Every structure is written in C-alpha cells, then in structure tokens.
Amino acid sequence: MSDRKRSTALVLASALAGTAVLLTAPAAHAAVVDVAYDCKTPIGDKSAVSPIDIKAVKEGDGYKLTMSFQKGVSSSPIELGKGAMNPSAVILVDGAEKVSVPVSGPPNPEAVPPDTPIRITDLSGTYTPKKSGKVTFTAGVLTIMAMSTTTTCTPGNSPKPSLELDVTAPGGAGTQSAAGADTTGDTLPQTGPTDSALALGTLGGTVLLSGAAGVLWLTRRGQRARS
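What you see is a predicted model; the values in this text were computed from it and never measured.

What counts and how
Residues numbered from 1 in each chain as written. Predicted model: local features only at pLDDT ≥ 70, side-chain atom pairs only at ≥ 80, totals over all residues. Heavy atoms only, no water. Phe/Tyr/Trp six-rings, centres within 6.5 Å; stacked < 30°, edge-to-face > 60°. Helix = DSSP H or I, 4+ residues; strand = E, 2+ residues; numbered from the N terminus. Buried < 20%, exposed > 50% of the residue type's maximum accessible area, 1.4 Å probe, protein only. Lys NZ or Arg CZ within 6 Å of the ring centre and 35° of its normal. Salt bridge = Lys/Arg side-chain N within 4 Å of Asp/Glu carboxyl O. Pairing = 2+ DSSP bridges.

**Student:** In this structure, what is going on with the packing of aromatic side chains? I would like to understand it.
**Tutor:** How two aromatic rings sit relative to each other is set out by the distance from centre to centre and by the angle between their planes. For the structure on display, the rule yields three aromatic pairs. Ring geometry for Tyr-127 against Phe-137: centres 5.6 Å apart, planes inclined by 80°, an arrangement best described as edge-to-face. Placement of Tyr-127 in strand E7 (residues 123–127) and of Phe-137 in strand E8 (residues 133–146) is noted, with a sequence separation of 10 residues between them. Both residues of the pair, Tyr-127 and Phe-137, count as buried. One aromatic cluster is present, built from ring pairs that chain together Tyr-63, Tyr-127 and Phe-137. Positioned above the aromatic ring of Tyr-63 is the side chain of Lys-58, whose terminal nitrogen or guanidinium carbon lies 5.1 Å from the ring centre.

Okay, here's the thing in structure tokens:
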C-alpha cells in the first residue's frame, strides 16, 4: 500500500471512530440519593432517611418520571389495612426551567403492621418541558394520606439531584443558555435524549467523512495530473 493510500485509510478510520464515540455518548446522569425526611405526623415529629431514585422515560411530548423509595420514611402506631395509605410527592425540576412536578402512586398493596416503616410505592407523573436544555430532578415534599390523617415529610438535608437529563420541549422551544437567556432558531431538531446523541453522532460523522472524501478526491486528482 502506498503512503498516500495509507494516509487516506487512516483518515477514514479516524472519522468512523469519531462517529462511534459520539453515538455512545451518555444523555443522562442518574444517582441514588439519600434524602433525610423530617415528617409531621398525627402523633408527633418523626425523621427517617430513604435512598431515592428518579427515572425518566420519553413518552410523546413529555417524560414519564418515576420516583422510587428504597426505605420506609414513617410508621403508624396502629395497623394500616390494605389500600389505607395514599402517597404523593413533588419532584423539583431545575436548570433550563424551574417547575414542580406532582407524582403519585397506588395505595399500599398489603396491610402495614403497627410501628413498622411504611414502604412507599413507586410514584409517577408526567413532565412536559417548556424549554429545551439540561435539567435536574430532585426529591421534594412527600405527603402520606392514611385513615383521614395527613403526614407531610420535607427533605431536611438539601439533597442533591437524583437525575440530570437533556430534554427537548415540544415544537423545538428555546434552549436555556448558561447565562439564563432563551435562544430560538438555528438549532437542530431533537426528539429526545437518545435521538439527540444519535443526531450529534450523525452530524459529526458526516463532517468527518466528508473530509475523508475530500482527501480521496484530492488523491485521485493528483494521480490524474501525473498521468
């Protein structure tokens, strides 16, 4: 293989490698975060720590959020019958926009014995962004309705976000810049985190491969000039 052909092959290989890196770039960052809840209950103040996990799945124009509790955060002095407890909470969104997303879940599927930590079922809700950009999701206030009583649990340790995600608003709404200004127009259409990564990879691959094609064209042109 001549030096010129070898150089062309290297350029093409580099282009393909660059595309592969872009295609596998992560679109979200998630972490299980310990949330220290301070609860106001009918029998006095209680506190408990529960690891919280928040997941997001693209659905239509929005994202389905699921908030999972890995430990119970409160208890009852009497038994709670099946279906007696109804949990709900808010997830705080920050970044490109600041909103609160209500989430709720089914009642307790089994009876809860007295003085036993109450296991919260998974809570879910829909977040439809009004601005495109990077946002974070953090556990907010938890509310437990049980037997005509209300328990309110507030995070007392300023927990870190459980999820960071690049979101796309319906209709290509403006992106929140680092300085807080909205930018509209001249942006690539995006349909979600995965599609964004793929679009970026395709764009990068096109530019790089065009460069390789240019090298090939120049190489062939040089060979014709000498013939």
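**Student:** Honestly, the pattern of salt bridges in this entry has me stumped. Any pointers?
**Tutor:** Any two side chains of opposite charge can pair, given that their charged atoms come close. Using the criterion set out here, one finds four salt bridges in the structure. Across the pair Lys-55 and Asp-53 runs a salt bridge whose closest N-O atoms are separated by 2.3 Å. Judged by relative accessible area, which is 11%, Asp-53 ranks as buried.

**Student:** Is there a simple way to think about the pairing of E8 in this case?
**Tutor:** Each regular strand shows side chains that alternate between the opposite faces of the sheet. Within E8, 10 of the 14 residues are buried, which leaves it mostly tucked inside the rest of the structure. Judged from the 10 bridges that link them, strand E5 (residues 85–95) and E8 form a sheet pairing that is antiparallel. Residue pairing across strands places Ala-89 opposite Leu-142, the latter belonging to E8. Here E8 runs beside strand E10 (residues 163–167); their pairing, made up of five bridges, is antiparallel. From the neighbouring strand, Thr-136 faces E10, where its bridge partner is Glu-164. Sheet analysis places E8 next to strand E9 (residues 149–155), joined by five bridges and oriented antiparallel. Considered in E9, the bridge of Ala-146 is made with Thr-149.

Everything listed here is a matter of geometry and, on its own, says nothing about what the molecule does.
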